[in-house]
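Structure at a glance
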Amino acid sequence: IDQELRYRYANQEYAEYFGKLPGDLVGRTLSEIFADLPDDDRRKSLARALEGESVIFDRMTRNGPNRGRWVRANYTPVRSAGEVLGAAVFLMPIQHLKDAEAATAARERQLSLITDTIGFPVTYIDCDGVVRFANAHSASWAGLTPQTMMGCRIEDITPPEILAHSLPLLRRAWSGESLTYERAALWPGRETRRVRGHMIPDKDESGTVRGALVVLMDIEEDHRLNESLLAKTREMQLVLDNIGVPMAYIDADRRFRFANAPGPDWPQEITSDNVVGKTIDEVYPPAVLERVGALVD
């Protein structure tokens, strides 16, 4: 294309891409062939090439049988004795790349929708320690947004005391180990809460680890309930072990679920340590079982 925006040469493939023959293009200007003024920057890119600058520009085809399909246009100045005579235009179809980008973007939107809905932090960290994905809950815990968090190194966004605990676990995950752990979440400005973490290595087809998916679940309520139950169990055991009366709880399957410390008439072999989970048939000697088995039933 010369300085007057007139085609001076077009190969067969270029012309056919627009549903034309080379003879339909050569000698005519762009405006004579393509009446509609494009609404993107292709004319500006061509003008830059005609001024001597090499330009690569992705554009959507506006005319012909490939209308709506994407190409990558390379605009290269054509010089003679230092003078720019025109620009050579090379087109490379990239619709497959645009389709892949659209599919990837759709998957990312779906993934974000799912991970933001499930209600707990989900983060993907590659083996270089760079955050490649973070849902809204993960970013919220860090006091960031997913957009500002992704692309950051974990050393730059994680408080030192948390990094000291998490980094050794991450290194184990990067080496291929799946981990589950519990700890207190100590993000500054947030109340301390118990969390259960899962680190899942991401391996490619050859088994090489590319990164680790980190999933955190808030188990504070479960933790408090469990601590409360343990405390009440200890209190009950303390009381029942000291009232001086042998006691046991046997369920409908004839299985011991509880036994306190033996009293003066309680067989010494029956203790809470060695009978819980066993049936009366496994615990009582035959003579005792003959007397009490029917009563238990």
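Above this text you will find the structure in question.
These lines cover the structure that appears in this document, whether it is placed above or below. Quick caveat: nothing in here was measured; it's all calculated off a predicted structure.

Another point: the overall build of the protein chain. When helices and strands are tallied, the protein chain shows 13 helices and 10 strands. Restricting to contacts in the protein chain with at least 6 residues of sequence separation, those with at least 24 account for 37%. In the form shown here, the protein chain has an accessible surface area of approximately 18,000 Å², with 54% of it arising from carbon and sulfur atoms.

Our focus in this paragraph is the pattern of salt bridges. Here the structure, examined in full by the defined rule, presents 15 salt bridges. R6 serves as the salt-bridge partner of E4, at 3.8 Å between the closest nitrogen and oxygen. With its nearest N and O atoms 3.6 Å apart, the salt bridge here joins R62 to D40. Of this pair, R62 sits in the loop between β1 (55-60) and β2 (70-80) while D40 sits in the loop between α3 (30-33) and α4 (42-50), placing them 22 residues apart in sequence. Each member of the salt-bridge network shares a partner with another, and the members are D40, R42 and R62.

Strands sit in the order β1-β2-β3 across an open sheet of three strands; the sheet is antiparallel. Both outer strands of the open sheet, β1 and β3 (83-93), are each paired with one neighbouring strand and no more. The sheet shows a mean angle of 30 degrees between the axes of neighbouring strands, direction not considered. Lying on the sheet, α4 is in contact with β1, β2 and β3; it crosses β1 at an angle near 160 degrees.

This next bit is on the nonpolar core. Ranked by internal contacts, the top residues of the largest apolar core, which has 22 residues, are I125, V131, M149, I154, L170 and M199. Here the element with the most residues in this core is helix α9 (residues 160-174); it accounts for six residues. Not counting chain neighbours up to four residues away, the residues in contact with M199 comprise S166, L169, L170, A173, E177, S178, L179, Y181, L213 and V214. Counting residues in hydrophobic clusters, the runner-up holds 21 residues, among them Y7, F34, F57 and A87.

It is worth spelling out the pairing of β1 at this point. Residues V55, F57 and R59 of β1 are buried on one face, while the alternating residues I56, D58 and M60, pointing to the opposite face, are not. Pairing analysis gives six bridges linking β1 to β2, with the strands arranged antiparallel. Residue M60 lies in a different strand from β2, and its bridge partner there is W70.

Within the secondary structure, E155 sits in helix α8 (residues 154-157). The spacing of E155 and V130 is 25 residues in sequence and 8.9 Å in space, taken between C-alpha atoms. Those residues in contact with E155, other than ones at most four positions away along the chain, are G129 and L163.

End to end, α9 covers 20 Å across 15 residues, agreeing with the expected 21 Å (1.5 Å per residue, within 8%). Taken from the residues just after α9, G176 is the one with a positive phi, measuring 110 degrees.

Turning our attention to the packing of aromatic side chains. Counted under the stated rule, the structure contains five aromatic pairs. Measuring from centroid to centroid gives 5.5 Å for Y17 and F18, while their planes differ by 80 degrees, and the two rings are edge-to-face. As far as the burial class goes, Y17 and F18 line up, both buried. Here the aromatic cluster, defined as three or more aromatic residues joined through ring pairs, consists of Y7, Y14, Y17, F18 and F34. Sitting above the plane of the W70 ring, K98 keeps its charged end 4.4 Å from the centroid.

So, how was this worked out
For every chain, the first residue of its written sequence is number 1, and the numbers climb from 1 along that sequence. Only residues with pLDDT of 70 or above have their local features reported here, since the model is predicted, and side-chain atom pairs are shown and tallied only from 80 upward, although totals for entire chains, interfaces and linings are computed over all residues. As a convention, hydrogens and water are excluded, and side-chain values are obtained from all of the structure's heavy atoms. Secondary structure elements follow DSSP: runs of H or I of four or more residues count as helices, runs of E of two or more count as strands, with numbering from the N terminus. By definition, residues are in contact when any of their heavy atoms lie within 4.5 Å. Surface accessibility in these figures is a Shrake-Rupley result with a 1.4 Å probe; residues are shielded only by whichever protein chains are displayed. Each salt bridge in this description consists of a side-chain nitrogen of Lys or Arg and a carboxyl oxygen of Asp or Glu lying within 4 Å of one another. Only strands joined by at least two bridges in the DSSP assignment are considered to pair. Only C-alpha atoms enter the line fits that serve as axes; for helices the fit covers just the stretch in contact. Angles between N-to-C directions range over 0 to 180 degrees. Buried residues of nine kinds, namely Ala, Val, Leu, Ile, Met, Phe, Trp, Tyr and Cys, make up a nonpolar core once their side-chain atoms join them within 4.5 Å. Here's how the labels work: a residue is buried when its accessible area is under 20% of the maximum for its type, exposed when over 50%, partly exposed in between, all with a 1.4 Å probe on protein chains only. In this analysis, the expected span of each helix is defined as 1.5 Å times one less than the number of residues it contains. Put simply, two rings from Phe, Tyr or Trp (the six-membered ring, in Trp's case) pair if the centres are within 6.5 Å, and we call them stacked under 30 degrees between planes, edge-to-face over 60, tilted for the rest. Both a distance and an angle decide whether a charge sits over a ring: NZ of Lys or CZ of Arg must be within 6 Å of the ring centre and within 35 degrees of the ring normal.

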